[in-house]
Amino acid sequence: MKKIYSTTIINTGGREGEVFSPDKSFSYQVTSPGPHQENKTNPEQLFAAAYSSCFNSALELVMSKQKITSKSTVKATVSLFSDEQSGFQVGVVLTVKIDDVDRATAEELVKAAHEVCPYSKATRGNISVELEVE
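Owing to the predicted nature of the structure, the values given are computational and were not obtained by experimental measurement.

Enquirer: Even after reading the chapter, I still don't get the overall build of the protein, so can you show me in this structure?
Expert: Along its length, the protein carries three helices and seven strands. Taken from the N to the C terminus, the helices and strands of the protein come in the order β-β-β-β-α-β-β-α-α-β. Reported as C-alpha extents along the three principal axes, the dimensions of the protein are approximately 45 × 40 × 35 Å. Counting every position in the protein, which comprises 134 residues, the buried fraction comes to 31%.

Right, here's the structure in full:
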């Protein structure tokens, strides 16, 4: 495989610390999920941001190959689950809206994007990912 991009993010302090890039162009204070804390995020929010962005890019690629220029929106809801046997797990629901496209077409586009998206490939068989079309 030919590498096309690589990045590094560093964490100090776990869920009650900081994540940052070596050049500090990316820097966030992190905390555990729970009540909102001003100017802090959590790993689940960061994962939701990354997955929704990646999935929407894959969807735009799939649509462009079919000459569809509609606007798409992807909402990723990431949940943290407690499991007595394996500790903790995450699950994702991707809710997709594609303007000016009928439901059947939208469902086919979403399924195709799920095959293309690197995050979908990375999570396949590891966590629950549900696809919903609005």
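Enquirer: Sorry, what's going on with the domain arrangement of the protein here?
Expert: Domain annotation of the protein identifies domain 1 (10–40) and domain 2 (42–133). Using C-alpha coordinates to define each centre, domain 1 is positioned 24 Å away from domain 2. Of the roughly 480 Å² buried where domain 1 meets domain 2, counting both sides, 66% is carbon and sulfur surface. Contact with domain 2 buries area across many residues of domain 1, yet R15, V30 and P33 alone supply 62% of it, more than any other trio. In this structure, the connection of domain 1 to domain 2 is made through one salt bridge. Note that R15 is salt-bridged to E44, the shortest N-O span being 2.6 Å. There are one residue pair in polar contact (both at pLDDT 80 or more) connecting domain 1 and domain 2. Its residues placed into classes, the side of domain 1 that touches domain 2 shows four nonpolar, two polar and two charged.

Enquirer: How should the pairing of strand β6 (residues 87–98) be read in this particular structure?
Expert: The side chains of a regular strand alternate between both faces of the sheet. Of the pairings in the sheet, the one linking strand β5 (residues 72–83) to β6 comprises twelve bridges and is antiparallel in character. Paired with A76 across the bridge in β6 is L94. Hairpin remark: β5 followed by β6, antiparallel, with three residues in the connecting loop. Two elements, β6 and strand β7 (residues 128–133), share six bridges in a ladder whose sense is parallel. Paired with G91 across the bridge in β7 is S128.

Enquirer: Just to check I follow, could you spell out the environment of V110 for this structure?
Expert: Structurally, V110 can be placed in helix α2 (residues 103–116). Overall, V110 belongs to the buried group, its relative accessible area being 2%. Each C-alpha atom, one on V110 and one on E132, is 8.6 Å from the other, the two residues being 22 residues apart in sequence. Every residue in contact with V110, bar those within four places of it in the chain, is listed here: F55, L59, V96, L131 and V133.

Enquirer: I keep staring at the pattern of salt bridges and nothing clicks. Help me out?
Expert: Oppositely charged side chains are able to pair whenever their charged atoms sit close together. Enumeration over the complete set of coordinates arrives at six salt bridges. For D99, the salt bridge goes to K97, with nearest N and O atoms at 2.8 Å. K97 sits in the partly exposed class, given a relative accessible area of 37%. Residues E107 and R103 are paired through a salt bridge, measuring 3.2 Å at the closest nitrogen-oxygen approach. Of the two residues, E107 and R103 both sit in helix α2, four residues apart, roughly one turn of that helix. Judged by its relative accessible area of 47%, R103 falls in the partly exposed class.

Here is what the cut-offs are and how they apply
Residues numbered from 1 in each chain as written. Predicted model: local features only at pLDDT ≥ 70, side-chain atom pairs only at ≥ 80, totals over all residues. Heavy atoms only, no water. Helix = DSSP H or I, 4+ residues; strand = E, 2+ residues; numbered from the N terminus. Buried < 20%, exposed > 50% of the residue type's maximum accessible area, 1.4 Å probe, protein only. Domains from an automatic or database assignment. Buried area = accessible area lost by both parts, 1.4 Å probe. Salt bridge = Lys/Arg side-chain N within 4 Å of Asp/Glu carboxyl O. Polar contact = N/O pair within 3.5 Å; in protein donor to acceptor, adjacent residues only side chain to side chain. Nonpolar A, V, L, I, M, F, W, Y, C, P; charged D, E, K, R; others polar. Pairing = 2+ DSSP bridges. Contact = heavy atoms within 4.5 Å.

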